[in-house]
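Residue-level structure breakdown
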Amino acid sequence: MRVRTAAVAAAAVGALLLAGCSGGQGSAGGDTLTWSMWIGSSDDQKVWDGVGDTGAQASGKKVSLQGSPFADYWTKISTQLGTSAAPCIVTMQSLRVNQFADGLLPLDDLIKSTGFDTGAFDEGAVKALAVDGKQYAIPYDTGPMLLFYNKDAFAEAGVGAPEPGWTVDDFQAAATALKKKGQVALATTVEDIFLEGTILSVTGGTMIDDSGKVALDDPKTAEAVDWLAGLVKDSTATRADGADASADDNAFINGTAAAVVGGPWNSLDFKAKAKFDVGVTTIPSPEGAQKTYSAGSGFGISKTCSDPAAAFTAITAMTSEKTLTTLAKDGRAFPARTAAQSAWYQNAGIDGAKAALDSALASAVPLPGSADGDKLNQLLSQYGPQMVNGQKPAADVLAEISRHLGK
């Protein structure tokens, strides 16, 4: 997964343009597998080059990593899949696999013929990268939505460390105490995965049903957004900024807001940049109704790849326990392989991280992907601030978004 869309795009250093697998193989005499990946920085490039090297060693072919910033990745890959320009190995996010399944090769036959053990992976992570019962990618990371918080600010306000499973009422009490100290409690966002995760946790509302259909008429969805708008009105939450998907990260890191919704992939970045002690817990929910979304990413194969068997061999090495343990130590991913997850816990350096993740994972459900997912995110960026910031009732804005989607 990525840290935040805009943050990754802004941090991109020396990112390469995506190139096709067929073109790469042709120029290399059939000895190259081109691999598409979103790249956030030169450090990212080095880490993922190393992952590609493991795939090359296993497959006997060069794995050529070519990528672009996350914000541009999906536009480029959408124009390539199904054509001769498509890369062989395609990095795929669970939220978007439905959109690109037509250009990807179902992996079920390769999994069966090679005896590859998908049971070694988190069940939800595997399910999240399947569409209509067909597996389109092997996951490398996964993770539930969590709430990161400023332990120093909470302590100064006299608020004890929030235990996993804390309630909406607990959060409201903490927000009131923080406000008395002049501290805003929550950084809001309109970015799909984090807004949807908050809504599910707070009221059980959903924006996408299990079939991948966008449905914004769930009253619980509007109820949760109106709750956020109430926090903004009460000055216990920041105003959402649709133009900058990293605004919530920045508000948390610079201390403007004492908490922010994120995924385990955010933890090391928060810890490295924040000037305070970072804590992590579950997103507040009604008493006894804890629930959250999980999401992740993995590696698939394009339908036009000339050597899918070699590509699959590379992918199995790129998602091996050894490789994912290394990624966990580097802070690049909370591993989808359960045997590699302990390395992430050991390296996170955040007290209570394991308890929070264990609690969240116990109630997590994969965030459904949708063919309209990108368009929904764009519309949330455009219209979402109006409802989160309390300018218009959430039900009205959600109805407007639905009309733009043709729903």
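Residues numbered from 1 in each chain as written. Predicted model: local features only at pLDDT ≥ 70, side-chain atom pairs only at ≥ 80, totals over all residues. Heavy atoms only, no water.

With respect to topology, five strands assemble into an open sheet ordered E2-E1-E3-E12-E6, the strand pairing being mixed. What marks the edges here is a single partner per strand, and that holds for strand E2 (62–68) and strand E6 (138–141). Across the sheet, the mean angle separating the axes of adjacent strands is 30 degrees when strand polarity is ignored. Relative to strand E12 (residues 297–301), strand E3 (residues 89–93) is paired through five bridges, and the arrangement is antiparallel. Among the inter-strand pairings, Thr91 is bridged to a residue of E12, identified as Phe299. In the packing of helix H4 (residues 70–80) onto the sheet, contacts are made with strand E1 (32–38), E2 and E3, and the angle to E3 comes to roughly 120 degrees. (Pairing = 2+ DSSP bridges. Helix = DSSP H or I, 4+ residues; strand = E, 2+ residues; numbered from the N terminus. Axes fitted to C-alpha atoms, helices over the stretch in contact; angles between N-to-C directions. Contact = heavy atoms within 4.5 Å.)

Take helix H9 (residues 168–180) next. With 13 residues, H9 extends 19 Å from end C-alpha to end C-alpha; this agrees with the ideal 18 Å at 1.5 Å per step. On its buried face, H9 sits against helix H8 (151–156), strand E8 (184–187), helix H10 (192–203), helix H11 (219–233) and strand E9 (257–262). (Expected span 1.5 Å × (residues − 1).)

Let us look at the pairing of E3. Counting buried positions along E3 yields five of five residues, so the element is predominantly enclosed. Residues of E3 alternate between two faces, with Ile89, Thr91 and Gln93 on one and Val90 and Met92 on the opposite face, all of them buried. Note that E1 and E3 share two bridges and pair parallel. Looking at the pairing, Ser36 lines up with Val90 of E3. (Buried < 20%, exposed > 50% of the residue type's maximum accessible area, 1.4 Å probe, protein only.)

By the secondary structure assignment, Thr189 is in the loop between E8 and H10. The buried category is assigned to Thr189, whose relative accessible area is 11%. Separated by 72 residues in sequence, Thr189 and Val261 have C-alpha atoms that sit 8.6 Å apart. Not counting chain neighbours up to four residues away, the residues in contact with Thr189 comprise Phe194, Leu195, Ala240, Asp248 and Val388. Within the structure, Thr189 has its side chain in polar contact with the backbone nitrogen of Glu191 (distance 3.0 Å). (Polar contact = N/O pair within 3.5 Å; in protein donor to acceptor, adjacent residues only side chain to side chain.)

Across the protein, the average pLDDT comes to 89, with 93% of residues at or above 70. In this model residues 5–29 is a low-confidence stretch, pLDDT under 50, and it forms 73 contacts with partners more than four residues away in sequence or in other chains. (pLDDT = per-residue confidence, 0-100.)

A word on the pattern of salt bridges. Between side chains of opposite charge, pairing is possible as soon as their charged atoms come close. In total, this model carries seven salt bridges according to the counting rule given. For Asp307, the salt bridge identified is with Lys61, shortest N-O distance 2.8 Å. Here the residue Asp307 occupies a position in the loop between E12 and helix H14 (308–318), and Lys61 occupies one in the loop between helix H3 (42–59) and E2, the gap between them amounting to 246 residues. The exposure class assigned to Asp307 is partly exposed, which follows from its relative accessible area of 21%. A relative accessible area of 16% means that Lys61 is categorised as buried. (Salt bridge = Lys/Arg side-chain N within 4 Å of Asp/Glu carboxyl O.)

With that out of the way, let us pick up helix H16 (residues 341–348). For H16, the complete set of buried residues consists of Gln341, Ala343, Trp344, Tyr345 and Ala348. Those residues of H16 that are buried lie in contact with helix H13 (267–273), helix H15 (321–330) and helix H17 (353–363). Gly349 lies just past H16 and shows a positive phi near 70 degrees.

Ranked by internal contacts, the top residues of the largest apolar core, which has 56 residues, are Met387 and Ile401. Element by element, the count of residues in this core is highest for H11, at seven residues. Contact partners of Ile401, with chain neighbours within four places excluded, come to Leu216, Leu376, Leu379, Leu380 and Tyr383. (Core = buried A, V, L, I, M, F, W, Y, C linked by side-chain atoms within 4.5 Å.)

Okay, the state of the cysteines next. All told, the structure shown has one disulfide when counted by the stated rule. Residue pairing for Cys88: its cysteine sulfur links by disulfide to Cys305, the two sulfurs lying 2.1 Å apart. The chirality of the disulfide connecting Cys88 with Cys305 is right-handed, given an S-S dihedral of about 90 degrees. One end of the pair, Cys88, is in the loop between H4 and E3; the other, Cys305, is in the loop between E12 and H14, and 217 residues separate them in sequence. For the pair Cys88 and Cys305, one class covers both residues: buried. (Disulfide = S-S within 2.5 Å.)

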